[in-house]
Each structure stands twice: as C-alpha cells, then as structure tokens.
Amino acid sequence: MTTLTHRARRTEVSKNSEKKMESEEDTNQERRPDNEDSGDSKDIRLTLMEEVLLLGLKDKEGYTSFWNDCISSGLRGGILIELAMRGRIYLEPPTMRKKRLLDRKVLLKSDSPTGDVLLDETLKHIKATEPTETVQTWIELLTGETWNPFKLQYQLRNVRERIAKNLVEKGILTTEKQNFLLFDMTTHPVTNVTEKQRLVKKLQDSVLERWVNDPQRMDKRTLALLVLAHSSDVLENVFSSLTDDKYDVAMNRAKDLVELDPEVEGTKHSATEMIWAVLAAFNKS
C-alpha cells in the first residue's frame, strides 16, 4: 500500500509538473510574439506601454515633459496593440461596407487575464461594451476624451503612475518626492540606465544598422514601438544621442515609416492590423 501511495503521489507530482511546464510555455509564447528577436530573451520583459513611458521619462528628474500632450493617448494605443499581440482582441474582418481600418470594430478574442492590471481592465471594458467600438473611439474613451458622460466610466485613470509603479517593481525606476514651489510631485527617476540604453539602442539600430526598408520584414514589437514613440512625441528622445548625420538618417527613415498609408500596409501579408489601425487613428486625430 505504501509503495502504491508513493507511486500515486509521484504520478500526481509528475502531472502537476507537466501542467506547470505547459503553463509556463504558454506564458513564454505569449511574451514572445512572432518575429521578436531571440537575442532579447535575457532582457527584462516590458510591455509596449512601459517602453513608451520609459522613453519619455527624463532620467534624473523622473517625469515626462510638461509640454508633451501626446503621450497619454500614445499609451492607450499601446494598450490596444499589446492586447492584440497577446491574442486577446482583433479587428473585425473587412467587408464591402467596412474596409477601412478606422471603420472596423475591435472584437474580443479571449478574455483570459494577462497579468497586467491596465491590460485586464481594458479587456473588461471591451468585453462589456455593446455595441462594439472602433480603435479610434477606444483610444478616446480610455483617455477620457469623450463628451458622453455615460462613457466616462471607460477612462483609465492614473495610467502613467501605474505604469511607473510597474517599472519600479521591475527595478528600472525608483520613487521620489520633489517639491515644485506650490506642490509636491511623485517622480520616478531611472535607476536601471542599462535597460533604457538597451531599449534606445534597439530602436536606433532598427532604423540604422538593421534597417530593412520594409515594415513587413521588421520585428513586430519594434515596429509597434516606433509607431507609438512617434505618436507619443518621444521619438526625438531616442535619436538625440546620435551624431548629426545619423540623427538625420534615423529621423527621415522613421518619418517615412509613419507616413506610409496604414490602409495599404494593413492589408499586406503577415501585417499586424492593430498597429496600422492605431497609426491611422493618430494620423486622423
């Protein structure tokens, strides 16, 4: 009986281990979208929103530029792209009546939790909303830019602070209090400068040494980040450390990329439609 009991326990432990391995494998696959560089596998895993905020933060001061009024909507666009790349949402298929990216609704593919509070909060809003909304409308709702008082419930509040706290937990930022004459403000200076430099170099290389001149051949997360960094008005921060010649080349190539027609690029084989839909929304706003 003792031997059978031990054997049954070993079998149960073995099954639990297999389930755990499968769960970890699913998580790893979720975190490794198609075309993501395998060379980044040892780096700290950041969401697109975390990367955009990190690029926008002043390293020592720990806050974004007071003149930047684009980053809020850029972060919301990042949420939609992140959810799409994790297989939670997608754009409704095109029809004869609705072919344009901006006319197609955002549909729920899976409501399984992502483990990120902002992503899961957005996912609940999308699941509960009838009728469904477009990408542009969702960016406006999540940002709170709506005149409909009944839809203010969809606004995501304190997004920058919540993302910053995630980066603090990941050891990239720290938290401080700074006095600005009339008020105190919580700031988040960069402590892991290496991680930010890695992110900056990755984007610089994508438009310089590793430039492919074809968005369909680019790493999907890098393409999304370039689009979001441009839309959030933090792209200049990425290229500011380059020499004048390389800066001009990088800015011109990035400009050419974001000035492509989203409607055309979004229909190409292997294109991630949500990236181009978000770009189309920002181009229209």
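Procedures and definitions
- Residues numbered from 1 in each chain as written.
- Predicted model: local features only at pLDDT ≥ 70, side-chain atom pairs only at ≥ 80, totals over all residues.
- Heavy atoms only, no water.
- UniProt positions renumbered as here; feature names shortened; annotations may be inferred.
- Helix = DSSP H or I, 4+ residues; strand = E, 2+ residues; numbered from the N terminus.
- Buried < 20%, exposed > 50% of the residue type's maximum accessible area, 1.4 Å probe, protein only.
- Contact = heavy atoms within 4.5 Å.
- Core = buried A, V, L, I, M, F, W, Y, C linked by side-chain atoms within 4.5 Å.
- Phe/Tyr/Trp six-rings, centres within 6.5 Å; stacked < 30°, edge-to-face > 60°.
- Axes fitted to C-alpha atoms, helices over the stretch in contact; angles between N-to-C directions.
- Parallel < 35°, antiparallel > 145°, perpendicular 65-115°, else oblique.
- Nonpolar A, V, L, I, M, F, W, Y, C, P; charged D, E, K, R; others polar.

Within an unreviewed UniProt entry, the label attached to the chain reads Golgi phosphoprotein 3 like, and the organism entered is Propithecus coquereli. According to the UniProt record, the Sequence similarities (unreviewed entry) comment for the chain is "Belongs to the GOLPH3/VPS74 family."

Draft legend 1. Spotlight on the side chain of His125. With respect to the helices, strands and loops of the structure, His125 is situated in helix α4 (residues 117-128). The exposure class of His125 is buried, given its relative accessible area of 15%. Dropping the residues within four chain positions of it, His125 is found in contact with Trp138, Leu142, Gln153, Tyr154 and Leu156.

Draft legend 2. Summary view of the nonpolar core. Grouped together as the largest cluster of nonpolar side chains are 72 residues, with contacts concentrated most on Leu55, Leu80, Ile81, Ile89, Val135 and Met274. Looking at this core element by element, the count peaks at 9 residues for helix α12 (residues 273-284). In this structure Ile89 touches Leu80, Leu83, Ala84, Val106, Leu107, Lys109, Leu123, Ile126 and Met274, once residues within four positions along its chain are discounted.

Draft legend 3. Focus on the packing of aromatic side chains. Tallying each qualifying case throughout the model produces 2 aromatic pairs. Judged by centre distance (5.1 Å) and plane angle (20 degrees), the ring pair of Tyr63 and Phe66 falls under stacked. On the accessibility criterion, Phe66 (55% relative accessible area) is exposed. Between Trp138 and Tyr154, the ring centres sit 5.5 Å apart and the planes meet at 75 degrees, which makes this aromatic pair edge-to-face. Linking Trp138 in helix α5 (residues 135-143) with Tyr154 in the loop between α5 and α6 (159-169), this pair joins segments that are 16 residues apart in sequence.

Draft legend 4. Quick look at the packing of helix α7 (residues 193-207) against helix α8 (residues 220-231). The geometry of α7 relative to α8 is characterised by a closest axis approach of 11 Å and an angle of 95 degrees between their N-to-C directions. Classified by the angle their axes make, α7 and α8 are roughly perpendicular. Of the residues in α8, those touching α7 at Leu199, Lys202, Leu203, Ser206 and Val207 are Thr222, Leu225 and Leu226. Within the contact of α7 with α8, the residues separate by chemical class into 5 nonpolar, 2 polar and 1 charged.

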